[in-house]
Amino acid sequence: MEMKYKNKCFDYDKIINESTFTIPNFQRGIAWKQNKKENFIKTLIKGEPFGTILIYEDNNNTYLVDGLQRINTITEFNNNKN
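First, a word on scope: everything that follows refers to the structure included in this document. Only a predicted model underlies this, so the values are computations on that prediction, with no experimental measurement involved. (Residues numbered from 1 in each chain as written. Predicted model: local features only at pLDDT ≥ 70, side-chain atom pairs only at ≥ 80, totals over all residues. Heavy atoms only, no water.)

With respect to the pairing of strand 2 (residues 62-66)
Sheet topology places strand 1 (residues 54-57) next to strand 2; four bridges connect them, and they run antiparallel. Residue pairing in the sheet places Glu-57 in a bridge with Thr-62 of strand 2. Between strand 1 and strand 2, which follow one another and run antiparallel, lie four residues. (Pairing = 2+ DSSP bridges. Helix = DSSP H or I, 4+ residues; strand = E, 2+ residues; numbered from the N terminus.)

Considerations on the layout of surface pockets
Size it by volume and the largest pocket reaches roughly 460 Å³. Taken together, 14 residues line the largest pocket, and the ones lying closest to its centre are Lys-6, Asn-7, Lys-8, Ile-55 and Tyr-56. Split into classes, the residues belonging to the lining of the largest pocket amount to nine nonpolar, one polar and four charged. Considering the residues around the second largest pocket, the lining is formed by Gln-34, Lys-37, Glu-38, Ile-41, Lys-42, Thr-73, Glu-76, Phe-77 and Asn-80. Among the elements of the structure, helix 2 (34-46) and helix 3 (68-81) are those that each provide at least two residues to the lining of the second largest pocket. (1 Å grid on protein atoms, 1.4 Å probe; cavity = no way out; pocket = protein on both sides within 12 Å on 5 of 7 lines; lining within 4 Å. Points joined across faces, edges and corners; volume = space filled by probe spheres on them. Nonpolar A, V, L, I, M, F, W, Y, C, P; charged D, E, K, R; others polar.)

Points about the packing of aromatic side chains
According to the stated counting rule, one finds three aromatic pairs in the structure shown. Look at Trp-32 and Phe-40: their rings are 5.5 Å apart centre to centre, the planes differ by 65 degrees, and that puts the pair in the edge-to-face class. A residue is classified by how much of its surface remains accessible, and Trp-32, at 15% relative accessible area, is buried. Residue classification places Phe-40 among the buried positions, given a relative accessible area of 6%. Linked through ring pairs, Trp-32, Phe-40 and Phe-50 together constitute an aromatic cluster. (Phe/Tyr/Trp six-rings, centres within 6.5 Å; stacked < 30°, edge-to-face > 60°. Buried < 20%, exposed > 50% of the residue type's maximum accessible area, 1.4 Å probe, protein only.)

Some thoughts on the pattern of salt bridges
Counted by the stated rule, this structure contains one salt bridge. One salt bridge in this structure joins Lys-37 and Glu-76, with 3.0 Å as the shortest N-O distance. Separated by 39 residues along the polypeptide, Lys-37 in helix 2 and Glu-76 in helix 3 bring together distant segments of the chain. Relative accessible area serves as the criterion here: at 10%, Lys-37 is assigned to the buried category. (Salt bridge = Lys/Arg side-chain N within 4 Å of Asp/Glu carboxyl O.)

As structure tokens, this is what we get:
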């Protein structure tokens, strides 16, 4: 039986600096308040586990299926560090 889907790991730099995502219509907009973002960044810094970032690629697009809040928070934090 042929695998229909493949798992692929993306590293931080590719996700944040190189990827342009298509956001599916079912994704909610940016919703996390500042305290939720701060708690998520603390989770990352401590190296604790967190939810997924699910990306789907087809021949034409890269879709951010799950993790918009996480990607947005990481991007904001990264941009504010400089």
